[in-house]
Amino acid sequence: MAGLEGVEQPRQREGATATRWTTAIEDERGLKVLEKFGDPARAEVRLPSRAESAATARRLTHSVIVRQWGLSGQIAEPAVLLVSELVGNAVRHTGAREFGLRMTRRPGWIRIEVRDPSRGLPCLLPVQPLDVSGRGLFLVDRLSDRWGVDLLPRGKTTWFETRVPQRSGTPS
């Protein structure tokens, strides 16, 4: 690099090594989050309604999908994005102190739910190319196989479902 002769430059990491290192760190963070907040595949996990809870929900989602359910990162990646969108909506639009995250798996499907105490329904709005916000439900609609909202006596559950490969030995 011009003007930096004699200055030690950072070594370039090999792609596979960097990926393994990053994955190992994320696995460790995911395990810590599971220990601290609980397993959303066993029972609803309650998280504080703060922007930083989206990162917690993403780590929980990734850990369950990849580590517990043994599914691929190709399945986890869009699910992590979509849970982040649902959590973002719950945090921004409900005024709640906390929200719940729940994950279930049945043959051929995973379902991720975000529950909050507001009965206000989310709206799927048209999205324009230059819009800088309002794309959350658009992404959920495009990247999930199905999604919806269940009204509860005190609040609602917004959910999405994605098709996944059958577990080995599970009939179609």
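Being a predicted model, the structure only gives us computed values, none of them experimental.

Engineer: What should I look at first to understand the nonpolar core in this one?
Structural biologist: It is characteristic of soluble globular proteins that their nonpolar side chains tend to be buried jointly. Judged by nonpolar contacts, the single largest core of 29 residues is most densely connected at Ile65, Ile110, Ile112 and Val114. In terms of residue count, helix α3 (residues 73-93) provides more of this core than any other element does, eight residues in total. When near neighbours in sequence (up to four residues on either side) are disregarded, Ile112 contacts Thr61, Ile65, Ala79, Val83, Leu101, Arg102, Met103, Thr158, Trp159 and Phe160.

Engineer: I'm lost on α3 in this one. Help?
Structural biologist: Residues separated by three or four positions in an α-helix point in the same direction, a consequence of the helix having 3.6 residues per turn. For α3, with 21 residues, the first-to-last C-alpha span of 30 Å sits near the 30 Å given by 1.5 Å per residue. Capping the start of α3, Ser72 holds a side-chain oxygen 3.2 Å from the backbone nitrogen of Gln74, two or three residues further along. Once α3 finishes, Gly95 follows within two positions and takes phi at roughly 70°, a positive value.

Engineer: Even after reading the chapter, I still don't get the pattern of salt bridges, so can you show me in this structure?
Structural biologist: Opposite charge on two side chains allows them to pair when their charged atoms are near. This model, assessed by the stated rule, comprises twelve salt bridges. A salt bridge links Glu161 to Arg106; its shortest N-O distance comes to 3.1 Å. Of this pair, Glu161 sits in strand β5 (residues 155-163) while Arg106 sits in strand β2 (residues 98-106), and the two are 55 residues apart along the sequence. Look at Arg106 and you get partly exposed, because its relative accessible area is 35%. Note that Asp150 and Arg111 form a salt bridge whose closest N and O atoms lie 3.3 Å from each other. Of the two residues, Asp150 sits in strand β4 (residues 146-152) while Arg111 sits in strand β3 (residues 109-116), which places them 39 residues apart along the sequence. The class of Asp150 is partly exposed, set by a relative accessible area of 34%. Among the residues examined, Arg111 registers a relative accessible area of 15% and is labelled buried.

Engineer: Would you take a moment to explain the packing of aromatic side chains for this structure?
Structural biologist: Any two aromatic rings considered together are summarised by their centre-to-centre distance and by the angle between their planes. Summed over all chains, the structure comprises zero aromatic pairs. Its guanidinium or amino end placed over the ring of Trp159, Arg111 lies 4.1 Å from that ring's centre, counting from NZ or CZ. The ring of Trp109 carries the charged tip of Arg146 above its face, separated from the ring centre by 3.8 Å.

Engineer: I keep staring at the sheet that holds β5 and nothing clicks. Help me out?
Structural biologist: The pairing of strands in a sheet happens through backbone hydrogen bonds and is either parallel or antiparallel. The sheet built from five strands is open, its strands ordered β1-β2-β3-β5-β4 with antiparallel pairing. The sheet is open, and its two borders are formed by β1 (45-48) and β4, each paired with just one other strand. Each strand of the sheet is rotated relative to its neighbour by a mean of 20°, with strand direction disregarded. Running at roughly 15° to β3, α3 makes contact with β2, β3 and β5 of the sheet.

Procedures and definitions
- Residues numbered from 1 in each chain as written.
- Predicted model: local features only at pLDDT ≥ 70, side-chain atom pairs only at ≥ 80, totals over all residues.
- Heavy atoms only, no water.
- Core = buried A, V, L, I, M, F, W, Y, C linked by side-chain atoms within 4.5 Å.
- Buried < 20%, exposed > 50% of the residue type's maximum accessible area, 1.4 Å probe, protein only.
- Helix = DSSP H or I, 4+ residues; strand = E, 2+ residues; numbered from the N terminus.
- Contact = heavy atoms within 4.5 Å.
- Expected span 1.5 Å × (residues − 1).
- Polar contact = N/O pair within 3.5 Å; in protein donor to acceptor, adjacent residues only side chain to side chain.
- Salt bridge = Lys/Arg side-chain N within 4 Å of Asp/Glu carboxyl O.
- Phe/Tyr/Trp six-rings, centres within 6.5 Å; stacked < 30°, edge-to-face > 60°.
- Lys NZ or Arg CZ within 6 Å of the ring centre and 35° of its normal.
- Pairing = 2+ DSSP bridges.
- Axes fitted to C-alpha atoms, helices over the stretch in contact; angles between N-to-C directions.

On their own, these measurements won't tell you what the molecule is for.
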